[in-house]
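What follows is the residue order along each chain.
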Amino acid sequence: MKKVLVIEDNDNNMELITFILESNNYQTIKAKTGQEGIDLAIKDLPDFILLDIQLPDIMGTEVLKEIRKNRACDLIPIIAITSYAMAGDRENLLNAGCDGYIEKPIDPVVVMDQIENFIQSRSQE
Amino acid sequence: MLKQIFQFTNINICIIALLYALVFMDNISFANTDHPKDSLIIRVGSYNNRPKIYFNESGQVVGLFPDVLNIIAQKEEWKLQYIQGSWSECLNRLKQNEIDIMVDVAFSKARAQKYIFNKETFLVNWATVYARKDLRIDSLIDLKKKRIAVMKGSIHTDGDNGIKRIMYQFAIDCDFIEVDSYKEVLTLISNGKADVGVVNRIFGSLFSKLYDVKKTSIIFNPSHIKFAFPKQSTIAQKLIEKIDYHLREMKKNSDSIYNRAIYIYLSGLPRELIFSKKDKTEINNISLTIAEKEWIRNHPNINFGIDPEFAPFEFLNNEGELNGITFEYIKLLNERLGLNMKVEKNLSWNMVISKAKNKEIDILPCVSITKERKKYFKFSRPYVNFYRAIITRTDMPFLTGINDIENMTVAVQENSSHKDYLLEYTTIKPIIYQTLKDALYATSNGNVQAFVGNIASSAYWIRKLNLVNLKIAAPTTQEAQTLHFAIRNDWPELISIINKGLKSLTPQEERDIRKKWVNVEYKPGIAPGIVWRYIFQIIIVAGIIVLLFLFWNFRLKREIKRRIQADKDLSEANERLKKLDQLKSMFIASMSHELRTPLNSIIGFTGVILLGMTGPLNEKQKDQLTRVNNSAKHLLNLITDVIDISKIEAGKIDINPQHIVLSELVNESVISVEPQLAAKAIELKKIIPDDIKLYTDKKRLLQCMINYLSNAVKYSEKGSITIIAKKLDHKIKISIIDTGIGISKKDLPKLFNSFERLDSHLKIKAGGTGLGLYLIRKLATEVLGGNVFVESEIGKGSTFGLIIPITIKLEDTKDQTQNS
């Protein structure tokens, strides 16, 4: 079973995403803060990471960079979850090393496809 | 008979002898029998009035009158007895015939009633006004409101022509202070208790030097001083006859005791000199050699010639009399040297020069030395200076010296040293005028540009002729030029004599002469008046320039201040705008996040449930949850629209161009409205060439398409919706044609405005915020770089569309942003 690290501070969002993922046979690891997310990423080496960009403690882009610093985490696809945010975010995210992004609100119908698309593209490289 | 004849003869002889005695001895006087032959004893009234009559240390009666009277008495073998008394006592005695003659009596009609006077005037006396040294008293008018000291009882005070009468007649207001003597008059002036005072000329000339006073030129009340005799005197006529005769003779002889006495007494010189063998030259410390004295005696008549216009040195006044500095010198020299230099009148200067060269005229008393003149004349030592100057009109520019007029037309007087100077020392060819006046007139009229001449004489004539447009522009040099006596060169002795005479003048005497004739002392240099005028003008001009400058400065400063303020305001406004902008951005960002977050949950969870992921649902549950889900999505749309518009308006919209195949995008957009289409049974037609490819923002184009389609569906109840895409040059025209309710012409312009929702029966059913078309317009113009259009007709349907560039260029979008 594949492991997914979800870094999200909002309870409802966390519940929604993890429910969808688990319904699709993924094992979920939950992190509520950026720091926690970084630690768990390094510790558990999940198969991919879903990262909420609007985190309370560290900027999402920072978290991205921190995780990527760790060589072990090099190959882990990271997908950013953004909430239709400001101009420039997209570039920053891509530059910081994320493999794709999903816009909130999450559409349960299509979200899995989106995720799987991104994962595959990373592993194909 | 014989006895009778003898007696008769005796008597006859006696008678004859007696007759003989009577005939030949008629000049025997029977009055006095006890004095030697023919001596007359004359009792002379004597009082104390130095220097006219007074006692010397040895107790002798001396003075002007006694000294002269004594000489006459000597000649006539009279014996004089001086009987002392006061003035009034003497007059009384005269009346009573107790004395035979009184000296120093001023003739008046009144006195002529009381006494007999001789004919020859001994001396003319008059009153002189002396004044405080600091006052300027030129005429009687200047005595107005002054305190005048006068001697009580003097005819100069109270007489018919005395000062009181005169002031009354002239109606001049003044105060009289009466004192007992002339001494006190001068004393009062000295210590300031009086402003002016009246003394007689003799007293004044002798004693005024002892007081702190100065002589004014005011004189009045001339009185002829003569000898007076008692009316009843028997010897009066005889005395008068003799005295008049001697006086006449003595007056003619310049070396007589009479003349010497007057000279000596009035100059205050020692009395002994009257009688000494010394002549006047010795009196004045002039030591002439015997040869020189002889020369003087052998040349009793010397003539000199003058330039009649050479004021103030030598010139003729209105009455044709000789005046000037030189004249004073000549007078003095004549007196002191015993010369008799006389002026040749009625000659022009040129004539004088030529006569002098011919030795018809002996002296030119006031000339400067020139090479030309040296040929004909010998020169005395210099006795007066002058400055040679350039005279121009006042409107000529400022000159500094002779160099400045090198190229001008210069006038000069014929036969003047100035002409020789110009010819000798400059390259100027002077234009010659015959007289000084002519030359000045020529300069004033502009016939010449400048005149070179003597400063003093030029200034005199400029004033006299009132040539107000002339000025003394500059001196030719800083040195003074000298004037000399020029004497015919075959009379070398006269040079020596004249020089000795000139030497005898004291500095005070020379100063007095100059002061009398020259009002203006010329000091080389620029007249302070002119300097000040120039300085003043320059200051004014400079002042104006400075004022203008300051004014300009002030205005500039004000402008700068204003600009700085405006700048500040601008930057403040900018700051505020920036802050607002930041706030907006933050607002948008937080709005975005905050509003959507709960919606995420609602849409997400209801979606998950509806997918059956949480378990089976019954129909009701499905239905109701679907409604919730839809509502949430609708709300999301609204929020998104609002945020989009905010972003566009804030200029914060992201533009992400990518390569799109138009037909694919259209297909994608149709998917979102398919349910509604199906529900209303509206047919969808597409005419999109497959090969149209765009490089633009996919998301936003999609948004526009979906919005348009959504509208088309909302406002149609039947019929079809056709999507057509056409290439136009570098642009694509996409049209969405519906067969809906259409839009009236008047509503067309408002369509794309924000919050516009047209009234129609479908309004409420259609929903929407009124932002759809506004957003499309904004997106089309500011993101896609194109434009929107619409055509419609009520009841017939509408055509909405976009025209956008195939390849989006950032400049296009930016421009739109600024224009909106």
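Worth saying up front: this structure is predicted, and the values here are computed from it rather than measured.

(A) Just the interface of chain A and chain B, in detail. Across the contact, 20 residues belong to chain A and 20 residues belong to chain B. The set of elements that each furnish at least two residues to the side of chain A that touches chain B consists of α1 (11-23) and α5 (108-124) of chain A. If one sorts the elements of the side of chain A that touches chain B by residue count, α1 of chain A sits on top with six residues. Residue classes in the side of chain A that touches chain B are distributed as 11 nonpolar, six polar and three charged.

(B) Broad picture of the sheet that holds strand β14 (residues 314-316) of chain B. Residues and elements named next belong to chain B. Strand order in the open sheet formed by three strands is β13-β14-β15, with antiparallel pairing between adjacent strands. In this open sheet, the two edge strands, each paired with only one partner strand, are β13 (309-310) and β15 (322-323). Pairing between β13 and β14: two bridges, direction antiparallel. Each residue of the ladder has a partner; that of E309, found in β14, is F315.

(C) Geometry of the pairing of strand β2 (residues 26-31) of chain A. All names here are of chain A. Strand direction decides the pairing type here: strand β1 (residues 2-7) and β2, joined by six bridges, are parallel. Counterpart to L5 in the pairing with β2 is I29. Following the chain from β1 across α1 to the adjacent parallel β2, one finds a crossover that is right-handed.

(D) Broad picture of the nonpolar core. Residues and elements named next belong to chain B. Grouped together as the largest cluster of nonpolar side chains are 69 residues, with contacts concentrated most on I390, I391, V410, A450, F451 and A486. For this core, the element with the highest residue contribution is helix α14 (residues 325-337), accounting for six residues. For this core, the two domains that each supply at least three residues are domain 1 (285-385 + 483-524) and domain 2 (388-479). The contact partners of I391, leaving out residues within four places of it in the chain, are T443, A450, F451, G453, S458, L470, I472 and A473. Formed by 40 residues, the second largest nonpolar core is a distinct cluster that contains V62, F122, A236 and I243.

(E) Looking closely at the sheet that holds strand β21 (residues 410-413) of chain B. Residue and element names in this part refer to chain B. Spatial ordering of the open sheet is given by β22-β21-β23-β20-β24, a layout of five strands whose pairing is mixed. Each of the sheet's edge strands pairs with one partner strand only, and the pair in question is β22 (431-433) and β24 (470-475). Averaged over all pairs of adjacent strands, the angle between their axes in this sheet comes to 35°, without regard to strand direction. Examined bridge by bridge, strand β20 (residues 388-393) and strand β23 (residues 450-454) share five bridges and lie antiparallel to one another.

(F) Structural context of the packing of helix α23 (residues 619-650) of chain B against helix α27 (residues 772-783) of chain B. All names here are of chain B. At a minimum axis distance of 10 Å, the contact between α23 and α27 shows a crossing angle of 40°. Comparing their axes, α27 and α23 come out oblique. Remark: the crossing between α23 and α27 carries left-handed chirality. From α23, D641, D644, I645 and I648 reach across to α27, where they touch Y774, L775, K778 and E782. In terms of residue class, the contact of α23 with α27 is built from four nonpolar, no polar and four charged.

(G) Highlighting helix α20 (residues 492-503) of chain B. For α20 of chain B, spanning 12 residues, the distance from its first C-alpha to its last is 17 Å, which sits close to the expected 16 Å at 1.5 Å a residue. Within α20 of chain B, burial applies to L494, I497, I498, K500, G501 and L502 of chain B.

(H) Spatial organisation of the environment of I602 of chain B. All names here are of chain B. Tracing the sequence through the fold places I602 in helix α22 (residues 528-610). Overall, I602 belongs to the partly exposed group, with 18 C-beta atoms counted inside 10 Å. Considering only alpha carbons, one finds I602 and A632, 30 residues apart in sequence, at a separation of 6.6 Å. Among residues more than four places away in sequence, those in contact with I602 are V628 and A632.

(I) Seen up close, the confidence of the model for chain B. All names here are of chain B. Confidence along chain B averages 84 in pLDDT terms, with 90% of residues attaining 70 or more. Below a pLDDT of 50 lies the segment residues 28-35, which in the model reaches one contact outside its immediate sequence neighbourhood of four places, other chains included. Low pLDDT (under 50) marks residues 520-524, which in the prediction has six contacts with non-local residues, meaning those over four places away or in another chain.

(J) Here's a closer look at the pairing of β24 of chain B. Residues and elements named next belong to chain B. Within β24, five of the six residues are buried, which leaves the element mostly enclosed by the surrounding structure. Bridge count for β20 against β24 is five bridges, and the pairing is antiparallel. Note that in β24 the partner of A389 across the bridge is P475.

Criteria and cut-off values
- Residues numbered from 1 in each chain as written.
- Chains lettered and ligands numbered in written order.
- Predicted model: local features only at pLDDT ≥ 70, side-chain atom pairs only at ≥ 80, totals over all residues.
- Contact = placed C-beta atoms within 7 Å.
- Helix = DSSP H or I, 4+ residues; strand = E, 2+ residues; numbered from the N terminus.
- Nonpolar A, V, L, I, M, F, W, Y, C, P; charged D, E, K, R; others polar.
- Pairing = 2+ DSSP bridges.
- Right-handed = clockwise from strand over helix to strand, strands pointing away.
- Core = buried A, V, L, I, M, F, W, Y, C linked by C-beta atoms within 7 Å.
- Buried ≥ 20, exposed ≤ 12 C-beta atoms within 10 Å, placed from the backbone.
- Domains from an automatic or database assignment.
- Axes fitted to C-alpha atoms, helices over the stretch in contact; angles between N-to-C directions.
- Parallel < 35°, antiparallel > 145°, perpendicular 65-115°, else oblique.
- Left-handed = near helix turned anticlockwise from the far one by under 90°.
- Expected span 1.5 Å × (residues − 1).
- pLDDT = per-residue confidence, 0-100.

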